[in-house]
Structure formats: C-alpha cells, structure tokens
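Spelled out from the first residue to the last, the chains are:
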Amino acid sequence: MSCSDSRMQLLAAASRFCDAIAQKQDMPSIIAHLSSTHQITATEYGESCLAPFLGKPFIGTSGVQRYFELIGSLLSFESMRFSNFTVDVEMRRVALRGEGRFTWLVTGESWDEKFAYMLDFDDELKVTDYQVWADSGAAYLARVGKLNEVKAQHST
C-alpha cells in the first residue's frame, strides 16, 4: 500500500469518526470506531475543576463511553463541522480543527467554539487515543451561569 493510500485511509477513518460525533450517532455507533486491540483513551485537556470531563483520561471502552455520556448529559451542540485535517501516516495520527455551537444544558448558556482533535489509530484504522483541546473557559462560565454576563460586559 502506498503512502498516499495510507493517508487517504487515515483521513477517511478520521472523517467517519468525526461524522459519527457530529451526527449525534448512538453510543454503539461511536464505540464501533474505537480500537478493540489497544487500550483506548479519551482526554479533554483543561483544569479539572472547571468541568467534570476535563483534565483526566477516560481509559478503556467503558471509560470512553463514560466520557461521551458525561458530555451528553451536560452539553448539547449544533452545527458541528470539521476541517484542516493533517495526517501523519508514520504515526497513524490525524489532527484537525472542529467548530460548533455548544450549550450547557442546566444553565442554557451557549457559545460558539473552535476546538482541536488529535486522533491516533491502530492497524485496523480504529481510534486508540482521542484527545481534545477546547474552550474550557467558556464551558466553565456557562456551567456556573456567568457566560452571558461576561459576554455582555465585553461586547461594548
């Protein structure tokens, strides 16, 4: 298989995984994109006191499932889309940018966000490591019901 073929396969695998998230597919559909031959992790970076899904790895299939369920119990999103895919064939890694509108469910406060994913893949093109860098400040302010107030103070 050529390097170009490998690149296209990794790109397609990353796109399928991201589409499953963006389309709000059910948990079995998302889990189907994860490796069954490697220990998998999901990590969303940030200070752990800002939101319960930040700053710690969720390990194994049950851990990653717990991460997605926790996110789904706290946040909703719309208009999620992905771009700027960068593929490292040798490392079997894809980095990309995402964007969407997020809402903290309890407070109803929303924000537009740009975020980054880094996805590592096994030999079967299944995700082994799912890493997220996002706007933990906006998530925290929305969680405590202060985001709209802060946005209003800075809109002048």
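Residues numbered from 1 in each chain as written. Predicted model: local features only at pLDDT ≥ 70, side-chain atom pairs only at ≥ 80, totals over all residues. Heavy atoms only, no water.

So, about the sheet that holds strand β5 (residues 110-121). Read across the open sheet, the six strands follow the order β2-β1-β6-β5-β4-β3; overall the sheet is mixed. Each edge of the open sheet is held by one strand with a lone partner, namely β2 (57-59) and β3 (75-88). The average angle at which neighbouring strand axes cross in this sheet is 20°, direction not considered. The pairing of strand β1 (residues 41-45) with strand β6 (residues 127-133) spans five bridges and is classified as parallel. Residue pairing for β6: Ala42 is matched across the bridge by Tyr130. Running at roughly 130° to β2, helix α3 (residues 60-74) makes contact with β1, β2, β3, β4 (93-104) and β6 of the sheet. (Pairing = 2+ DSSP bridges. Helix = DSSP H or I, 4+ residues; strand = E, 2+ residues; numbered from the N terminus. Axes fitted to C-alpha atoms, helices over the stretch in contact; angles between N-to-C directions. Contact = heavy atoms within 4.5 Å.)

The next subject is the nonpolar core. Buried together is how nonpolar side chains tend to be arranged in soluble globular proteins. Ranked by size, the top nonpolar core spans 45 residues in total, and within it Tyr117 and Tyr130 carry the most contacts. Within the residue set of this core, elements represented by two or more residues are α1 (3-22), α2 (27-31), α3, β3, β4, β5, β6 and α4 (136-143). Ranked by residue count, the leading element in this core is α1, at eight residues. When sequence neighbours within four positions are dropped, the list of residues in contact with Tyr130 reads Phe17, Ile21, Thr41, Ala42, Thr43, Tyr67, Phe68, Tyr117, Met118 and Leu119. (Core = buried A, V, L, I, M, F, W, Y, C linked by side-chain atoms within 4.5 Å. Buried < 20%, exposed > 50% of the residue type's maximum accessible area, 1.4 Å probe, protein only.)

A word on the pattern of salt bridges. Summed over all chains, the structure comprises six salt bridges. Between Arg97 and Glu99 there is a salt bridge; the shortest N-O distance is 3.1 Å. The exposure class assigned to Arg97 is partly exposed, which follows from its relative accessible area of 32%. The residue Arg101 makes a salt bridge to Asp112 at a minimum N-O spacing of 3.0 Å. With Arg101 in strand β4 and Asp112 in strand β5, this residue pair connects regions lying 11 residues apart in the sequence. (Salt bridge = Lys/Arg side-chain N within 4 Å of Asp/Glu carboxyl O.)

So, on to α3. Its 15 residues give α3 an end-to-end C-alpha distance of 21 Å, which sits within 8% of 21 Å, the value for a rise of 1.5 Å per residue. Among the residues making up α3, those that are buried are Gly60, Gly63, Val64, Tyr67, Phe68, Ile71 and Leu74. Angularly, the buried residues of α3 cover 140° about the axis, an arc narrow enough to put them on a single face. (Expected span 1.5 Å × (residues − 1). Arc of directions from axis to C-beta.)

In this section: the layout of surface pockets. Reported here for the largest pocket is a volume of approximately 460 Å³. At the level of elements, α1, α2, α3, β3, β5, β6 and α4 are the ones that each hand at least two residues to the lining of the largest pocket. Counting residues per element, the lining of the largest pocket draws most heavily on α3, at five residues. Looking at the lining of the largest pocket residue by residue, the classes come out as 19 nonpolar, four polar and five charged. (1 Å grid on protein atoms, 1.4 Å probe; cavity = no way out; pocket = protein on both sides within 12 Å on 5 of 7 lines; lining within 4 Å. Points joined across faces, edges and corners; volume = space filled by probe spheres on them. Nonpolar A, V, L, I, M, F, W, Y, C, P; charged D, E, K, R; others polar.)

Moving on to the pairing of β5. Burial analysis of β5 places nine of its 12 residues in the buried class, the great majority of the element. Bridge count between β4 and β5: 11 bridges; the pairing is antiparallel. Looking at the pairing, Gly100 lines up with Glu113 of β5. Where β4 hands over to β5, the hairpin turn is made up of five residues, of which Gly108 adopts a positive phi near 75°. In the sheet, β5 pairs with β6 via six bridges, with the strands oriented antiparallel. Directly across from Met118, in β6, lies its bridge partner Gln131. Once β5 ends, the chain turns through five residues before running back antiparallel as β6, passing Leu125 with a positive phi of about 60°.

Everything listed here is a matter of coordinates, which is why it stays silent on function.
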